[in-house]
Amino acid sequence: MKEILRVEHLKKYFEKEVGFLRKKKKVYKAVNDVSFHIGEGETLGLVGESGCGKSTTGRMIVSLLRPTDGAIYYQGQDISLSMRNKDSRLEIKRNIQMIFQDAYASLDPRRTAEEAIFEALDIHKMCLDPQEREAYVNKIFSDSGLSMEQRKRYPHEFSGGQRQRIGIARAICLQPKLIICDEPVSALDVSVQAQIINNLERIQNLYGLSYLFISHDLSVVKHISDRIVVMYLGYIVEEAGKKELFEQPLHPYTQMLIRATPSLDPDVDKTQKLTIASNEKNSIDTSLIDVCCPFANRCPKAGEKCWSEVPKMKELEDGRKVRCHLY
Amino acid sequence: MKTLRKLFSNKLAVLGGIFILLFLLCAIFAPWITTYDYSVQDLMNTKVPPGGDHIFGTDALGRDVFSGVVYGARTSLLIGFCVLVLGGGIGILIGILAGYFGGWVETVLMRIMDSLMAFPAILLALIFVSILGSGLKSAIIAVSLAQVPRFALIVRSSVIQIKSNEYVAAAEVLGQSQFKILFLHILPNGIAPIIIQASLSFGQSLLIVSGLGFLGVGADPLSAEWGAMLSDARTYLMTVPHLAVYPGLAIAITVLGFNLLGDGLRDALDIKNY
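Residues numbered from 1 in each chain as written. Chains lettered and ligands numbered in written order. Predicted model: local features only at pLDDT ≥ 70, side-chain atom pairs only at ≥ 80, totals over all residues.

This part is about the overall build of chain A. From N to C terminus, chain A includes 11 helices and 12 strands. In terms of overall size, chain A behaves like a compact globule, its C-alpha atoms giving a radius of gyration of 21 Å where 327 residues would be expected to give roughly 20 Å. Its C-alpha atoms put chain A at 70 × 55 × 45 Å along the principal axes. Each of the 327 residues in chain A was classed as buried or not, and the buried ones make up 39%. (Helix = DSSP H or I, 4+ residues; strand = E, 2+ residues; numbered from the N terminus. Rg over C-alpha atoms; globule rule 2.2 N^0.38 Å. Buried ≥ 20, exposed ≤ 12 C-beta atoms within 10 Å, placed from the backbone.)

Listed per partner, the contact involves 15 residues of chain B and 21 residues of chain A. Only helix H7 (166-174) and helix H8 (178-189) of chain B provide two or more residues apiece to the side of chain B that touches chain A. If one sorts the elements of the side of chain B that touches chain A by residue count, H7 of chain B sits on top with seven residues. Residues of the side of chain B that touches chain A, tallied by class, amount to seven nonpolar, five polar and three charged. (Contact = placed C-beta atoms within 7 Å. Nonpolar A, V, L, I, M, F, W, Y, C, P; charged D, E, K, R; others polar.)

The subject of this paragraph is the packing of helix H3 (residues 65-101) of chain B against helix H11 (residues 242-269) of chain B. Residue and element names in this part refer to chain B. Running from N to C, H3 and H11 point in directions that differ by 30°, and their axes come no closer than 10 Å. On the basis of the axis angle, H3 is roughly parallel to H11. Considering how the two elements wind past one another, H3 and H11 form a crossing that is right-handed. Between H3 and H11, the contacting residues are Val65, Gly68, Val69, Gly72 and Ser76 on the first element and Leu243, Tyr246, Pro247, Ala250 and Thr254 on the second. Per-class residue counts for the contact of H3 with H11 are six nonpolar, four polar and no charged. (Axes fitted to C-alpha atoms, helices over the stretch in contact; angles between N-to-C directions. Parallel < 35°, antiparallel > 145°, perpendicular 65-115°, else oblique. Left-handed = near helix turned anticlockwise from the far one by under 90°.)

Residue and element names in this part refer to chain A. Strand S3 (residues 43-47) sits mainly inside the fold: five of its five residues count as buried. Covered by surrounding structure in S3 are Thr43, Gly45 and Val47 together with Leu44 and Leu46, the residues of both alternating faces. As paired elements, S3 and strand S8 (residues 210-215) share five bridges and run parallel to each other. For Gly45, the partnering residue across the bridge sits in S8 and is Phe213. (Pairing = 2+ DSSP bridges.)

With that out of the way, let us pick up the nonpolar core. Leu212, Val230 and Met231 of chain A together with Ala125 and Val143 of chain B are the most contacted members of the largest nonpolar core, which has 151 residues in total. Each residue touching Ala125 of chain B, except ones within four places of it in the same chain, is listed here: Ala139, Ala142, Val143, Ala146, Ile208 and Leu212 of chain B. (Core = buried A, V, L, I, M, F, W, Y, C linked by C-beta atoms within 7 Å.)

Residues and elements named next belong to chain A. Here 12 bridges tie strand S1 (residues 3-18) to strand S2 (residues 24-39), and the two strands are oriented antiparallel to one another. Following the sheet pairing, Leu5 is matched in S2 by Ile38. If you look at the hairpin formed by S1 and S2, you'll find five residues sitting between the two strands, and Gly19 has a positive phi there, around 90°. Looking at chain direction, S1 and strand S4 (residues 69-74) are connected through five bridges and run antiparallel.

Between its first and last C-alpha atoms helix H6 (residues 136-163) of chain B spans 39 Å; for 28 residues at 1.5 Å apiece the expected length is 40 Å, and the two agree. Most of H6 of chain B sits out of view: 21 of its 28 residues are buried. (Expected span 1.5 Å × (residues − 1).)

Residue and element names in this part refer to chain B. Per-residue confidence for chain B gives a mean pLDDT of 85; residues scoring 70 or more make up 98%. Of all secondary-structure elements in chain B, the lowest mean pLDDT belongs to helix H1 (residues 2-8), at 80, while H7 reaches the highest, 94. Overall fold confidence (pTM) sits at 0.81, and the ipTM for the predicted complex is 0.86. (pLDDT = per-residue confidence, 0-100.)

Let us now look at the packing of H6 of chain B against helix H9 (residues 191-215) of chain B. Residues and elements named next belong to chain B. Contact pair H6 / H9: the axes reach a minimum separation of 10 Å and the direction vectors enclose 160°. Comparing the axis directions of H6 and H9 gives the class roughly antiparallel. With respect to the hand of their crossing, H6 and H9 are arranged in right-handed fashion. Contacts from Ala139, Val143, Gln147, Arg150, Phe151, Ile154, Val155 and Ser158 in H6 reach Pro193, Ile194, Gln197, Ser201, Ser205, Ile208, Val209 and Leu212 in H9. When the residues that make up the contact of H6 with H9 are grouped by side-chain class, the tally is 10 nonpolar, five polar and one charged.

Take the environment of Ile191 of chain B next. Inspection of the secondary structure assignment puts Ile191 of chain B in helix H9. C-alpha separation for the pair Ile191 of chain B and Asp267 of chain B, spaced 76 residues apart in sequence, amounts to 12 Å.

Our next topic: the environment of Arg170 of chain A. For Arg170 of chain A, the position within the fold is in helix H6 (residues 160-172). Placed 24 residues apart in sequence, Arg170 of chain A and Leu146 of chain A show a C-alpha to C-alpha distance of 12 Å.

In this section: unusual backbone geometry. Residues and elements named next belong to chain A. One non-glycine residue with positive phi stands out, namely Cys127, at about 50°. Judged by the 19 C-beta atoms lying within 10 Å of it, Cys127 falls in the partly exposed class. At Asp290, a position not held by glycine, the phi torsion is positive, near 65°. Among the structural elements, Asp290 can be located in the loop between helix H11 (270-279) and strand S11 (314-315). What makes Asp290 exposed here is the crowd of 11 C-beta atoms within 10 Å.

The next thing to look at is the environment of Leu200 of chain A. Inspection of the secondary structure assignment puts Leu200 of chain A in helix H7 (residues 190-207). Taking C-alpha positions, Leu200 of chain A is 8.9 Å from Ile224 of chain A, a pair spaced 24 residues apart along the chain.

Structure, rendered in structure tokens:
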């Protein structure tokens with residue numbers, strides 16, 4: 001499989017000035033060490049709890065945020081270098097698109113559905129002939145699951161699911177190679193979630209897309225992804241194929257996440273659930289970043305080494321990657 | 001189209017529109033409406049009460065009050081228009097730059113605005129008049145300058161609020177340039193408070209220039225200006241009240257008209273209100 005995106009040791013620190021008389025810079029470490037790659041036509045799931053840096057990672061890939069350190073390569077070329085030149089910048093922008101979590105907020109309230117598409121086409125000078133454009137927009141709309149009559153409507157006249165379809169239409173109309181899906185279904189109710197997910201899968205086959213699918217919902221990620229990376233406090237803690245990850249999670253955090261997923265199976269061990277519950281008293285602790293294992297305070301298996309040394313990403317014999325001292 | 005329909009369904013806005021229409025008609029067709037020249041004095045017929053040849057009567061110098069009020073609309077329109085173009089234009093530009101770019105650009109621009117805000121508009125106008133000499137031109141410049149920070153503050157805060165919206169990020173992801181994001185997404189979505197401020201500023205600037213006229217430093221005595229007319233009428237307020245009533249009413253109705261229309265426009269421009 002050809003590689004389309006590679007992210008290497010990405011870091012993002014946010015700085016904020018605090019204090020009134022004596023100003024001090026407070027540093028928030030949102031993303032600390034993120035590396036992964038996405039192959040052509042592949043869906044990579046990125047999971048983790050709120051505030052772990054998932055969205056920040058996605059926003060760095062589409063250049064909404066500038067990484068503090070590390071590099072992003074699109075088809076082998078460094079994105080930060082491409083951004084300097086207008087043509088190569090547009091080229092990158094055209095190829096990497098994004099679907100936002102809050103579809104309503106991501107649409108300009110003063111622009112109709114078709115105007116959102118027109119804007120994208122205008123920027124990249126695509127389909128300048130009016131007739132050709134008409135046909136193309138109709139095609140994009142039907143591919144995204146919208147009807148022609150909805151073209152001239154404003155965002156507030158749509159339902160939540162339909163708005164996300166406009167978001168999808170806007171992302172695919174430039175014929176990109178990679179789409180960053182930043183929790184695209186988290187704000188929708190479950191029946192609509194299924195429709196959007198199925199639509200995303202259909203479009204992936206139709207357009208030959210790769211996805212980076214960011215979500216905190218394991219069941220959604222399990223459904224759509226080929227491979228999954230798990231993030232915790234700005235670190236990637238585990239990377240594995242979908243099947244291996246769910247059948248045999250290695251990192252204690254992944255194990256905890258999978259156990260915490262609601263299940264309809266009455267045979268699921270209740271005692272195990274209880275141990276997680278007692279563990280939840282210890283919530284995420286950002287002071288552990290760069291000091292020791294960031295998960296040490298919540299980990300049932302944490303030993304002395306976990307409290308003294310930052311674990312590195314290890315590649316095991318069977319090709320799985322995990323960041324944990326136990327392996 | 002929807003915006004217009006919504007505007008017309010608002011009774012108060014329509015009333016405001018009628019007032020403004022009346023005002024504009026007076027300004028445009030002044031020479032055809034009036035029968036007397038306001039600059040001509042008729043000392044044989046001073047302080048004639050309203051009715052007859054002079055519908056609004058004549059003032060202490062025998063000038064036709066009706067002509068004064070009608071021609072005064074021209075002066076007022078000129079003032080309001082200049083203030084909006086000059087004060088509004090500069091203010092909006094400063095507000096956009098400060099709000100969108102932030103950092104030291106914002107700090108420098110907004111501190112200048114703060115220091116301008118520290119002076120009441122009328123005081124600023126008096127300073128300008130004493131530098132540039134009395135007359136309509138310096139009054140207009142002074143009033144425009146006084147309006148700049150009001151526009152700048154409002155535009156800046158709405159730009160800051162709008163630029164954090166996800167649709168601005170979405171446009172950036174599409175590859176839209178900063179300049180186009182400003183004028184295609186941010187400005188159209190922040191137009192409502194600008195329009196309200198414009199309608200308020202129009203009224204305010206009329207009041208301030210009238211106030212300057214009242215103090216005797218605004219328009220020159222020969223030209224028709226409502227504030228100056230009011231000022232002249234003050235001496236005879238007890239004996240010939242009609243001299244003050246008509247220019248006063250003209251100011252009140254015009255300012256009210258702009259405020260009502262601005263209010264209606266704000267509601268009509270709210271896209272979610274259809």
